[in-house]
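The chain contents come next:
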Amino acid sequence: MTSGFPLTLDTLLAHERPRPAEAVAIVLELCRQIRPASQAVAVTPPVTRASVLLHADGGVATRGAVVEDDQTASLLGHLLLELVDDRPETSRLRRVAARAARSLPGGRGVSVRRLSAALRRSAPSNPRGAVADFVRRASGGSGALPAAEEAGGMALVARGAARRLLRPLWRRIA
């Protein structure tokens, strides 16, 4: 997988679950990318497993711009709850995520900024490296999933077909 072909978090979760530090790194990067809502009302896609894209180099992105609204912190809390297993060593992290998930529309509850501050205590020293490790582990160590499962899978299939067609020509030239 190249950095040009990100995979959805949903696709990676079908193969592997992130470690707690990796889950925190993913959600913290999403918190960092969220922009405050402007005066103009805009409809943006919600933050879900299917809308979060992870790159092999550890980059985290979303489909579309993420603007903070009444439910952004709640969606991030729900996402973190999905990523972190329920084990004794993750109880504090799950409490933070649950508190954010219960945030109510109308500004009552946890903001994205407060969620980010609470998660920084559990953040790895190299968040980008932690995300890259998760992508590598979830994709079987090769950094790539089978073409049908990859977001840019059709491009890889076309590239493979082109190589097969051009190989005899290359042999004649060389």
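Residues numbered from 1 in each chain as written. Predicted model: local features only at pLDDT ≥ 70, side-chain atom pairs only at ≥ 80, totals over all residues. Heavy atoms only, no water.

Engineer: Lay out the overall build of the chain with the relevant residues and their values.
Structural biologist: Of the regular secondary structure elements, the chain holds seven helices and three strands. Ordered by position from the N terminus, the helices and strands of the chain form the series β-α-α-β-β-α-α-α-α-α. Within the chain, the fraction of its 174 residues that count as buried is 39%. Intrachain contacts of the chain at a sequence separation of at least 6 include 76% that bridge at least 24 residues. (Helix = DSSP H or I, 4+ residues; strand = E, 2+ residues; numbered from the N terminus. Buried < 20%, exposed > 50% of the residue type's maximum accessible area, 1.4 Å probe, protein only. Contact = heavy atoms within 4.5 Å.)

Engineer: Tell me about the nonpolar core, residues and numbers included.
Structural biologist: Formed by 38 residues in total, the largest nonpolar core has its most connected members in Leu9, Ile26, Val52, Leu54, Leu76 and Leu119. Mapped by element, the contributors of at least two residues to this core are α1 (9-13), α2 (20-33), β2 (52-54), α3 (72-83), α4 (91-101), α5 (112-119) and α6 (127-138). The greatest single-element share of this core, amounting to eight residues, is contributed by α2. (Core = buried A, V, L, I, M, F, W, Y, C linked by side-chain atoms within 4.5 Å.)

Engineer: So what's going on with the sheet that holds strand β1 (residues 7-8)? Residues and values would help.
Structural biologist: What the three strands build is an open sheet, ordered β1-β2-β3; its pairing is antiparallel. The outermost strands of the open sheet, each flanked by one partner alone, are β1 and β3 (60-62). Sheet analysis places β2 next to β3, joined by three bridges and oriented antiparallel. When the bridges of β3 are listed, leucine 53 appears paired with alanine 61. Across the sheet, α2 touches β2 and β3, and the angle it forms with β3 is around 55°. (Pairing = 2+ DSSP bridges. Axes fitted to C-alpha atoms, helices over the stretch in contact; angles between N-to-C directions.)

Engineer: Describe α5, listing the residues and the values that go with them.
Structural biologist: Looking at α5, one finds that the buried residues are Val112, Leu115, Ser116, Ala118 and Leu119. Around the axis of α5, the buried residues are gathered within 165° of arc, so they sit on the same side. Facing away from the buried side of α5, by more than 90 degrees, are the exposed residues Arg113 and Arg114. Tucked into the core, α5 has its buried residues touching α2, α3 and α4. (Arc of directions from axis to C-beta.)

Engineer: If you had to explain the pattern of salt bridges to someone new, which residues and values would you point to?
Structural biologist: Counted by the stated rule, this structure contains twelve salt bridges. Of the charged contacts in the structure, one is a salt bridge between aspartate 85 and arginine 17, with a shortest N-O distance of 2.7 Å. Separated by 68 residues along the polypeptide, aspartate 85 in the loop between α3 and α4 and arginine 17 in the loop between α1 and α2 bring together distant segments of the chain. Overall, the relative accessible area of 29% leaves aspartate 85 in the partly exposed class. Residue arginine 17 is classed as partly exposed on the basis of its relative accessible area, which comes to 32%. A salt bridge links glutamate 22 to arginine 19, with the shortest nitrogen-to-oxygen separation between them at 3.8 Å. Judged by relative accessible area, glutamate 22 falls into the buried class, the value being 4%. Linked through salt bridges whose partners overlap, the residues forming this network are Glu16, Arg19, Glu22 and Arg137. (Salt bridge = Lys/Arg side-chain N within 4 Å of Asp/Glu carboxyl O.)

Engineer: Pulling in residues and values, what's your account of α4?
Structural biologist: Listing the buried residues of α4 in full gives Leu93, Val96, Ala97, Ala100 and Ala101. Down the axis of α4, the sector holding all buried residues measures 135°, keeping them to one side.

Engineer: For the environment of histidine 55, give the residues involved together with the corresponding values.
Structural biologist: Structurally, histidine 55 is set in the loop between β2 and β3. For the pair histidine 55 and phenylalanine 5, spaced 50 residues apart in sequence, the C-alpha separation works out to 7.0 Å.

Engineer: A description of the side chain of serine 74 should follow, citing residues and the corresponding values.
Structural biologist: Topologically, serine 74 is positioned in helix α3. By relative accessible area, serine 74 is classed as buried at 10%. With sequence-adjacent residues up to four places away left out, serine 74 is seen in contact with Ala100, Ala101 and Ser103.

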